[in-house]
Amino acid sequence: RLRLEPDESDVGHFDSLVAEGTQVHLDGDPALAAQLLSAAVDAWSGNPFPGLDSPFVQVERQRLIGLRREVDRRLAAAWLDLGRDAEALSCVRRAREDDPFDERLAALEARARYQSAGPAAALEVIRSFRAELADELGLDPSSLIDEVETAVLRNDAALLPSRVPSGVRAVR
């Protein structure tokens, strides 16, 4: 029987980087979070477990793919807390290629555009997302999109980079 410590496998290493990056961001250190989550992105390579197809592998593959998408969201949020909107937009756009109807990604993109180009650009992201969701799926967005739109219209400071450590962050 093979026994590995969590960090002794690629999956365990990826999981550890994600967990630590998430925790340090919640603890108020978006710079270290961005570093750790970027390392998780760099550690990712292709489709997990290629050539294997057992039920366990399928479940684990889907978990890892979902976690990889979550890493993009968390990394974008860390970049935004640092005021690095270009890096955040890069994360969001990469992730939206795989999931164009993800509302958290749309909210993060609106926040990034707010930081880089102002309220009009953020509102355009929201308008475009609403239209695409309605046209393609016949759906209205959840309250998250309404909340971000309201924050943009109010010029809410939560949309700006964080200047002091806090366990509460805007749009995750």
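So, a few notes on the structure that sits alongside this text. (Residues numbered from 1 in each chain as written. Predicted model: local features only at pLDDT ≥ 70, side-chain atom pairs only at ≥ 80, totals over all residues. Heavy atoms only, no water.)

Here's the deal with the packing of aromatic side chains
Aromatic ring pairs: the centre-centre distance and the angle between the two ring planes describe each pair.
Here comes step 1: All chains considered together, the criterion is met by one aromatic pair.
Here comes step 2: Taking 5.1 Å as the distance between ring centres and 55° as the angle between the ring planes, the aromatic pair formed by Phe14 and Trp44 counts as tilted. Here Trp44 lies in the loop between α2 (30–43) and α3 (55–81) and Phe14 lies in helix α1 (residues 10–26), a separation of 30 residues in the sequence.
Here comes step 3: What makes Trp44 partly exposed here is its relative accessible area of 23%. (Phe/Tyr/Trp six-rings, centres within 6.5 Å; stacked < 30°, edge-to-face > 60°. Helix = DSSP H or I, 4+ residues; strand = E, 2+ residues; numbered from the N terminus. Buried < 20%, exposed > 50% of the residue type's maximum accessible area, 1.4 Å probe, protein only.)

Structural notes on the environment of Gln35
Here comes step 1: With respect to the helices and strands, Gln35 occurs in helix α2.
Here comes step 2: Remark: the alpha-carbon pair of Gln35 and Trp79, spanning 44 residues in sequence, is separated by 9.8 Å.

Points about α3
In an α-helix, one turn spans 3.6 residues; hence positions three or four apart end up facing the same way.
Here comes step 1: With 27 residues, α3 extends 39 Å between its outermost C-alpha atoms, agreeing within 8% with the 39 Å of an ideal straight helix rising 1.5 Å per residue.
Here comes step 2: One or two steps after α3, the chain reaches Gly83, where phi turns positive at roughly 80°. (Expected span 1.5 Å × (residues − 1).)

Thoughts on the packing of α1 against α2
Here comes step 1: Running from N to C, α1 and α2 cross one another at 160°; their axes reach a closest spacing of 8 Å. Judged on the interaxial angle alone, α2 and α1 are roughly antiparallel. For the pair α1 and α2, the crossing hand works out as left-handed. Judged by residue contacts, His13, Phe14, Leu17, Val18, Glu20, Gly21, Thr22, Val24 and His25 of α1 engage Pro30, Leu32, Ala33, Leu36, Leu37, Ala39, Ala40 and Ala43 from α2.
Here comes step 2: Residue composition of the contact of α1 with α2, grouped by class: twelve nonpolar, four polar and one charged. (Axes fitted to C-alpha atoms, helices over the stretch in contact; angles between N-to-C directions. Parallel < 35°, antiparallel > 145°, perpendicular 65-115°, else oblique. Left-handed = near helix turned anticlockwise from the far one by under 90°. Contact = heavy atoms within 4.5 Å. Nonpolar A, V, L, I, M, F, W, Y, C, P; charged D, E, K, R; others polar.)

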